[in-house]
Amino acid sequence: MNLDLLVPLLLPLASWPVARWVAPRLSPRLGSWLLAGSALVLAVGSTATLAVLAAAGLAQLPFVGELGDFSAVAFRGADAVNLPLAIASGVALVVAGVALTRAATQHVRWHRKVHAELNAHTREAGFVLLPGEEPVAFAVAGGGGRIAVSSGMLAALEPQERRALLAHERAHLRLRHHVFAAIVTVATTVNPVLRPLGAAARFALERWADEAAADRIGDRKLVATAVAKAALASRSQPSLALAATGGPVPQRVRALLSVPSSGSRRNPLAAVAVAVVLGACAWSAASTLDAATDLHSGLETAQHAACVLAQGTHGEPALPAFRHEHRDCAER
């Protein structure tokens with residue numbers, strides 16, 4: 001089980017080269033799907049592997065064997081996982097669970113606070129107008145999706161630039177980018193090694209919204225100008241919201257001003273990169289499944305050993321108390 005366990009734990013280390021070399025060669029739509037999906041698969045694989053290691057360690061404890069009607073001694077002899085590694089995996093699993101709980105609590109509180117504030121303001125032309133000179137614009141899920149723009153942001157843009165900015169924010173809601181962002185947040189919270197992959201996925205989401213706004217408006221230069229001016233005017237934004245001012249803005253503007261790419265279907269290097277990433281994700285999932293299968297087989301072997309002991313050695317009757325604890329052996 002050693003190799004099966006190492007693969008899901010080591011593959012997340014590839015998130016940096018994927019974010020550095022693979023992501024820039026993908027179209028924004030494909031990049032968003034691939035990066036968010038691979039982050040989820042790798043996070044689930046590494047977390048499940050930690051759970052398998054922790055479970056294997058617990059199964060070596062005598063009182064756990066008594067509770068599960070299997071021989072902890074027999075399992076310890078058949079399983080290759082040592083107890084210190086299992087303890088470390090259990091600690092890592094607890095830390096990941098605490099981090100995920102904190103992140104979920106923070107998001108729920110922020111979500112309620114933002115919607116409560118938006119409910120206090122009027123909605124005009126499909127967006128909530130926030131009073132104040134601070135330039136702010138963002139999209140938030142919930143309640144059918146809502147866009148908030150401050151008076152200061154509207155004052156910083158020309159009328160056509162406002163249309164481009166709103167088209168960007170509407171694209172976030174229409175394309176359900178909040179689902180992608182939530183997946184990335186969960187993945188990078190339970191496995192911080194995946195943060196480069198998460199940053200690349202968030203940038204791809206902003207690029208996807210940029211391209212969708214350019215298609216809707218029909219003027220790439222106008223969208224680039226609106227994004228640049230909004231970013232220059234904005235000093236801050238809600239940390240958990242999708243906004244036109246998010247991500248590396250100079251790179252987004254440069255991409256909008258360049259000729260749009262034809263996608264990875266005509267780019268052999270991008271196609272190969274996609275195949276490699278998908279293959280790595282499949283390898284991680286298969287290795288995690290194999291590790292879980294090995295754990296299940298080890299437990300079955302330990303249960304069989306407990307049944308043999310309960311029935312007595314060489315035909316001799318076992319102790320009544322042991323037979324009572326393993327009374328279901330005859331049913332197996």
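Criteria and cut-off values
Residues numbered from 1 in each chain as written. Predicted model: local features only at pLDDT ≥ 70, side-chain atom pairs only at ≥ 80, totals over all residues. Heavy atoms only, no water. Phe/Tyr/Trp six-rings, centres within 6.5 Å; stacked < 30°, edge-to-face > 60°. Buried < 20%, exposed > 50% of the residue type's maximum accessible area, 1.4 Å probe, protein only. Helix = DSSP H or I, 4+ residues; strand = E, 2+ residues; numbered from the N terminus. Pairing = 2+ DSSP bridges. Contact = heavy atoms within 4.5 Å. Axes fitted to C-alpha atoms, helices over the stretch in contact; angles between N-to-C directions.

Applying the stated rule across the entire model yields 3 aromatic pairs. Between the aromatic rings of Trp16 and Trp21, the centroid separation amounts to 5.4 Å while the plane-to-plane angle is 85 degrees, which identifies the pairing as edge-to-face. Here Trp16 falls in the partly exposed class, since its relative accessible area comes to 48%. Among the residues examined, Trp21 registers a relative accessible area of 45% and is labelled partly exposed. Aromatic pair Phe180 and Trp208: ring centres 5.7 Å apart, planes at 80 degrees, arrangement edge-to-face.

For the rest of this paragraph, the subject is the pairing of strand β3 (residues 137-140). Burial along β3 is two-sided: the face carrying Ala137 and Ala139 and the face carrying Phe138 and Val140 are both buried. Where β3 meets strand β4 (residues 146-150), 4 bridges bridge the pair, whose relative direction is antiparallel. Across the sheet, Phe138 pairs through a bridge with Ala148, a residue of β4. In this structure, the hairpin formed by β3 and β4 is closed by a connection of 5 residues, where Gly142 is found at a positive phi of approximately 100 degrees.

Another aspect to go through is the sheet that holds β3. One open sheet holds the 4 strands; their spatial order is β1-β2-β4-β3, and the pairing between them is mixed. Looking at which strands have only one partner, the edges of the open sheet turn out to be β1 (123-124) and β3. Alignment of β1 against strand β2 (residues 127-130), held across 2 bridges, turns out to be antiparallel. Considered in β2, the bridge of Glu124 is made with Phe127. Packed on one face of the sheet, helix α6 (residues 83-119) meets β2, β3 and β4 and runs near 115 degrees to β3. The sheet contacts of helix α8 (residues 159-174) involve β2, β3 and β4, and relative to β3 the element is tilted by about 20 degrees.

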